[in-house]
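Reading the structure
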Amino acid sequence: MPLRGGVVSARGEGCDFVSRCFYPKCGIDEDPVTGSAHCIMVPCWAKKLIKKSACC
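Small disclaimer: the values here were computed from a predicted structure and weren't measured.

1. Some details on the overall build of the protein
Counting its secondary structure elements, the protein contains 1 helix and 3 strands. Across the 56 residues in the protein, those meeting the buried criterion constitute 18%. Partitioning the contacts of the protein with sequence separation of at least 6, the portion at a separation of at least 24 is 25%. For the protein, the accessible area works out to roughly 4500 Å², and carbon and sulfur atoms hold 60% of it. Within the protein, the 5 negative side-chain charges are centred at a point lying 12 Å from the centre of the 8 positive side-chain charges.

2. Observations concerning the pattern of salt bridges
Enumeration according to the criterion identifies 2 salt bridges in this entry. Lysine 51 is paired through a salt bridge with aspartate 16; the nearest N and O atoms lie 3.2 Å apart. Of this pair, lysine 51 sits in the segment after helix H1 (35–48) while aspartate 16 sits in the loop between strand E1 (6–11) and strand E2 (17–23), and the two are 35 residues apart along the sequence. Using a relative accessible area of 40% as the deciding quantity, one classes lysine 51 as partly exposed. Classification of aspartate 16 by relative accessible area gives partly exposed; the value is 37%. The residue arginine 20 makes a salt bridge to glutamate 30 at a minimum N-O spacing of 3.1 Å. Here arginine 20 is found in strand E2, whereas its partner glutamate 30 is found in strand E3 (residues 28–31), with 10 residues between them in sequence.

The rules behind these values
- Residues numbered from 1 in each chain as written.
- Predicted model: local features only at pLDDT ≥ 70, side-chain atom pairs only at ≥ 80, totals over all residues.
- Heavy atoms only, no water.
- Helix = DSSP H or I, 4+ residues; strand = E, 2+ residues; numbered from the N terminus.
- Buried < 20%, exposed > 50% of the residue type's maximum accessible area, 1.4 Å probe, protein only.
- Contact = heavy atoms within 4.5 Å.
- Areas by Shrake-Rupley, 256 points an atom, 1.4 Å probe, with all protein chains shown as cover.
- Lys, Arg positive; Asp, Glu negative; His and termini not counted.
- Charge placed at Lys NZ, Arg CZ, Asp CG, Glu CD.
- Salt bridge = Lys/Arg side-chain N within 4 Å of Asp/Glu carboxyl O.

What follows is the structure in structure tokens.
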């Protein structure tokens, strides 16, 4: 992979979306929970899923 890393995301079942982060150049083969990646993905998925507020 020529980049530092990458994030893969898909619509979830029982949740809005799922994701995995891969940073092999940093020695992290797979990171299932990356808060900084979610900061980018939440607005994208909120728009795609037509979400207007968070629900717990």
